[in-house]
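# Residue-level structural notes
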Amino acid sequence: EGDPFQLIEGMAIAAHAVGASQGYIYVRSEYPHAIAKLEAALALAEAIIAPFKCEVRVGAGAYVCGEETSLLNSLEGKRGEVRAKPPLPAIEGLFGCPTVVNNVLTFAAIPHILTEGGASLYDSLGIARSKGTMPIQLAGNIRHGGLFETAFGITLDELVNEIGGGTASGRPVKAVQVGGPLGAYLHPDQFGIAFDYEAYAGADALIGHGGMTVFDDSADMGSMARFAMEFCAAESCGKCTPCRIGSTRGVELIDRIRAGGKVMADAVEALPQMHNARKTGRSREEDLQLLEDLCETMKFGSLCALGGFTPYPVLSALKHWPEDFRG
């Protein structure tokens, strides 16, 4: 919204590089100001970027359309549903044509790299293989929330306590979720980890789009783990079984664990015909193991990152705050 021409210039350069003549900017309908600014900017830039044609396409708001093949289906007027890969979009993408799909951050970085030079500026920022900068969104229970752009390599402690000023409530920080609603919950003991893709992957965490949500010590991490499964169940496109069914079973399983098995026992009593078959039930330890097995199936068996990333908040909450899973 602040500089739409930066995105348009980056897309025009990318189009020139690959020989594309048509571009699309996909925006969710919940962002009317961004849509209006992009359309106004494209009208002004139309003559400058010719013969490259670019237009804004407004999506209905499905979270799964952040996945590239779901986005392509939505652009084609179809249901936002994940496609099996291969073929990759670079081979067969929008309307069957080879397609470059990148997020806004990648395209917006192109003009800076070409203007200043990759080695002189972009490569000098960041750490290891994570180069350049990232706009980080600080939200949740934090004193100074907002959007902050910084180079990779900064620590979570600096981001939350120095830039963000700690929690708005004044209570100790209990957890920070990094990478959006399906990112892992990081414990304060992990706040020294450098903001770096490889470092986060090594800690079973994600950087994702750079969104950070802060929680103080009053947060119930068992409830937050349940929310991740519930969110996945609501947003799943339904294409694959691990995501579609696994997320629903995950909600039920976390409810059972937090209720000490009472949820399943009540269900069995309500259905006498099931009583003999399931009267023994499972122990808490068996339920916890089943939850971990379910997360592993979702992580490695889902077609896209929606089902594949849902285990991150669940397993991290279970690892660091097991006491929050007791009723």
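Residues numbered from 1 in each chain as written. Predicted model: local features only at pLDDT ≥ 70, side-chain atom pairs only at ≥ 80, totals over all residues. Heavy atoms only, no water.

### Let's talk about the confidence of the model for the protein chain
Of all residues in the protein chain, 93% have pLDDT values of 70 or greater, and the mean over the chain is 89. This stretch, residues 270-280, has a pLDDT under 50; its non-local contacts, to residues over four places away or in other chains, come to 5 contacts. (pLDDT = per-residue confidence, 0-100. Contact = heavy atoms within 4.5 Å.)

### Remarks on the packing of helix H11 (residues 284-301) against helix H13 (residues 311-320)
Between H11 and H13, the shortest axis-to-axis distance is 10 Å and the interhelical angle comes to 150°. Considering their axes alone, H11 and H13 lie roughly antiparallel with respect to each other. Considering how the two elements wind past one another, H11 and H13 form a crossing that is left-handed. For the pair formed by H11 and H13, the contact residues are Leu288, Leu291, Glu292, Cys295, Met298 and Lys299 on the first element and Pro311, Tyr312, Val314, Leu315 and Leu318 on the second. Its residues placed into classes, the contact of H11 with H13 shows 9 nonpolar, no polar and 2 charged. (Axes fitted to C-alpha atoms, helices over the stretch in contact; angles between N-to-C directions. Helix = DSSP H or I, 4+ residues; strand = E, 2+ residues; numbered from the N terminus. Parallel < 35°, antiparallel > 145°, perpendicular 65-115°, else oblique. Left-handed = near helix turned anticlockwise from the far one by under 90°. Nonpolar A, V, L, I, M, F, W, Y, C, P; charged D, E, K, R; others polar.)

### As for the packing of aromatic side chains
For the structure shown, the criterion picks out 7 aromatic pairs. Ring centres of Phe309 and Tyr312 lie 5.6 Å apart, and the angle between their planes is 90°; this geometry places the pair in the edge-to-face category. A residue is classified by how much of its surface remains accessible, and Tyr312, at 16% relative accessible area, is buried. These aromatic residues form a ring-pair network of at least three members: Phe152, Phe195, Tyr197 and Tyr200. (Phe/Tyr/Trp six-rings, centres within 6.5 Å; stacked < 30°, edge-to-face > 60°. Buried < 20%, exposed > 50% of the residue type's maximum accessible area, 1.4 Å probe, protein only.)

### A closer look at the pairing of strand E1 (residues 22-28)
Along E1, the buried face is formed by Gly23, Ile25 and Val27; none of Gln22, Tyr24, Tyr26 and Arg28, which line the opposite face, is buried. Relative to strand E2 (residues 53-59), E1 is paired through 7 bridges, and the arrangement is parallel. When the sheet's bridge partners are listed, Gln22 is paired in E2 with Lys53. Handedness of the β-α-β unit built from E1, helix H2 (residues 32-49) and E2 comes out right-handed. (Pairing = 2+ DSSP bridges. Right-handed = clockwise from strand over helix to strand, strands pointing away.)

### Remarks on helix H3 (residues 68-75)
Where burial is concerned, most of H3 is hidden: 6 out of the 8 residues are buried. Inspection of H3 places Thr69, Ser70, Leu71, Leu72, Asn73 and Leu75 among the buried residues, and these make up the whole buried set. Looking one or two residues past H3, Gly77 carries a phi angle of roughly 85°, positive in sign.

### Looking at helix H4 (residues 104-116)
For H4, built from 13 residues, the straight-helix expectation of 18 Å at 1.5 Å per residue is met to within 8% by its first-to-last C-alpha distance of 19 Å. Taken together, the buried positions of H4 are occupied by Phe107, Ala108, Ala109, Ile110 and Pro111. At the N-terminal end of H4, a side-chain oxygen is found 3.2 Å from the backbone nitrogen of Leu105, two or three residues along, and the residue is Asn103. At the exit of H4 stands Gly117, carrying a positive phi of roughly 95°. (Expected span 1.5 Å × (residues − 1). Polar contact = N/O pair within 3.5 Å; in protein donor to acceptor, adjacent residues only side chain to side chain.)

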